[in-house]
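The residues making up each chain are set out below.
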Amino acid sequence: MDEGEGAGYGGVGATLADARREAGLDLAQVSAETRIPERHLSAIERGDFGALPARTYAVGFSRTYAKMLGLDDREIADRVRAEMGVSEADHADRPAKFEPGDPARVPSRGLAWFGIVAAIVLLAGIYAFYSAYFSPGMGPAPLEEEQAPIAAAQTQQAAAPANAIDPAGEVVFTALEDGIWARFYDGEGERLYEAQMSRNETFVVPADAENPQIWTGRPDAFAITIDGKSVAKLAEDDFVMRDQPISAEALLARQETTQTPAAPVATDGAT
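Residues numbered from 1 in each chain as written. Predicted model: local features only at pLDDT ≥ 70, side-chain atom pairs only at ≥ 80, totals over all residues. Heavy atoms only, no water.

Engineer: Give a description of the overall build of the protein that names residues and reports values.
Structural biologist: Of the regular secondary structure elements, the protein holds nine helices and eight strands. Residues classed as buried in the protein amount to 37% of the 271 residues present. Pairs at least 24 apart in sequence give 65% of the contacts found in the protein among residues at least 6 apart. Surface summary for the protein: the accessible area is close to 16100 Å², and the carbon and sulfur share equals 54%. (Helix = DSSP H or I, 4+ residues; strand = E, 2+ residues; numbered from the N terminus. Buried < 20%, exposed > 50% of the residue type's maximum accessible area, 1.4 Å probe, protein only. Contact = heavy atoms within 4.5 Å. Areas by Shrake-Rupley, 256 points an atom, 1.4 Å probe, with all protein chains shown as cover.)

Structure below.
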């Protein structure tokens, strides 16, 4: 069914389907990376935009799909509007509308709860501070003394020279979240490992892999170690990263260039 999406239809959906197949991806992989339901991706590739909740969803989802494939998302959006019979003149006198479809920018339910808890903790901290300020000796002890050793340890860790790590050491990638899709392969394009990784799931780069590389839409969601020592993440933001060298030597050279502090590696429950 996947190979037949867009058959007999030469519109923008067929363009997206052809680009997806050329990249060697199926709809399940695209859905995992863009967080767009497979049924909506299938409808877009068939040109069945009426199957989506609204026109703005059709445009927004198509733009996200195009970005993930490295296509011109504005051109794709214009073509979708044209196929739906929405001209630029129809939009000229209307206020701009939010076009959904980039789930990475929509806060998850877990993030919303985290924000609520953080707000409660902040209010409790403010209350404790003012209670201690207006009633000396009755409030909690100052936090500076407790934070000083932690800050000193973090500074010492950040200042550790990269050359203290063996450039031929074992490289391990650890997923920091659930549902992180990644493909690892060598310089000849031979696949080493591909999966939608769970939180704390690990991948050890084979020592004999020639010029190992990674392709993922969440380079910010991996902690990396070389011989058990943390090094800098590949990125701090989510975007499609492809053909990025991940040998120990390449990662150390990247760290020396960016001087990005290394991220801690979760050790509980790693597989």
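Engineer: Residues and numbers for the pairing of strand β6 (residues 222-226), please.
Structural biologist: Counting buried positions over the five residues of β6 gives five, a clear majority of the element. Both faces of β6 are covered, namely the face carrying F222, I224 and I226 and the face carrying A223 and T225. Strand direction decides the pairing type here: strand β1 (residues 171-175) and β6, joined by five bridges, are antiparallel. Note on β6: the bridge partner recorded for T174 is A223. Both β6 and strand β7 (residues 229-231) contribute to a ladder of three bridges, which runs antiparallel. (Pairing = 2+ DSSP bridges.)

Engineer: Provide a residue-level description of the packing of helix α3 (residues 38-46) against helix α4 (residues 55-69), including the pertinent values.
Structural biologist: Orientation of α3 relative to α4, taken along the N-to-C sense of each, is 90°, at an axis distance of 11 Å. Comparing their axes, α4 and α3 come out roughly perpendicular. Within the contact between the two elements, α3 uses H40, L41, I44 and E45 and α4 uses F61, S62 and Y65. Residues belonging to the contact of α3 with α4 are distributed by class as follows: four nonpolar, two polar and one charged. (Axes fitted to C-alpha atoms, helices over the stretch in contact; angles between N-to-C directions. Parallel < 35°, antiparallel > 145°, perpendicular 65-115°, else oblique. Nonpolar A, V, L, I, M, F, W, Y, C, P; charged D, E, K, R; others polar.)

Engineer: Please give an account of the packing of α4 against helix α5 (residues 73-83) that cites residues and values.
Structural biologist: At their nearest, the axes of α4 and α5 sit 8 Å apart, and the two run at 145° to each other. Here α4 runs over α5; the crossing is right-handed. Where α4 abuts α5, its residues A58, V59, S62, R63, A66 and K67 lie against D73, R74, I76, A77, V80 and R81. Counted by class, the contact of α4 with α5 contains six nonpolar, one polar and five charged residues. (Left-handed = near helix turned anticlockwise from the far one by under 90°.)

Engineer: An account of the packing of aromatic side chains is requested, with residue identities and associated values reported.
Structural biologist: Tallied over the entire structure, the rule returns eight aromatic pairs. Judged by centre distance (5.4 Å) and plane angle (70°), the ring pair of F173 and F184 falls under edge-to-face. Taken together, the positions of F173 in strand β1 and F184 in strand β2 (residues 180-185) put the pair eleven residues apart, joining distant regions of the chain. F184 shares its class with F173; the two are buried. Seen from the ring of W215, R242 lies directly overhead, with NZ or CZ sitting 3.8 Å from the centre. (Phe/Tyr/Trp six-rings, centres within 6.5 Å; stacked < 30°, edge-to-face > 60°. Lys NZ or Arg CZ within 6 Å of the ring centre and 35° of its normal.)

Engineer: Before we move on, could you go through the side chain of T216 and cite the residues and values that matter?
Structural biologist: Here T216 shows up in strand β5 (residues 213-216). Look at T216 and you get buried, because its relative accessible area is 0%. Among the polar contacts listed, one links the side chain of T216 to the backbone oxygen of W181, at a separation of 2.7 Å. Leave out the neighbours within four places in its chain, and T216 touches E33, I180, W181, A182, F222, F239, V240 and M241. (Polar contact = N/O pair within 3.5 Å; in protein donor to acceptor, adjacent residues only side chain to side chain.)

Read these as layout, nothing more, since geometry by itself doesn't imply function.
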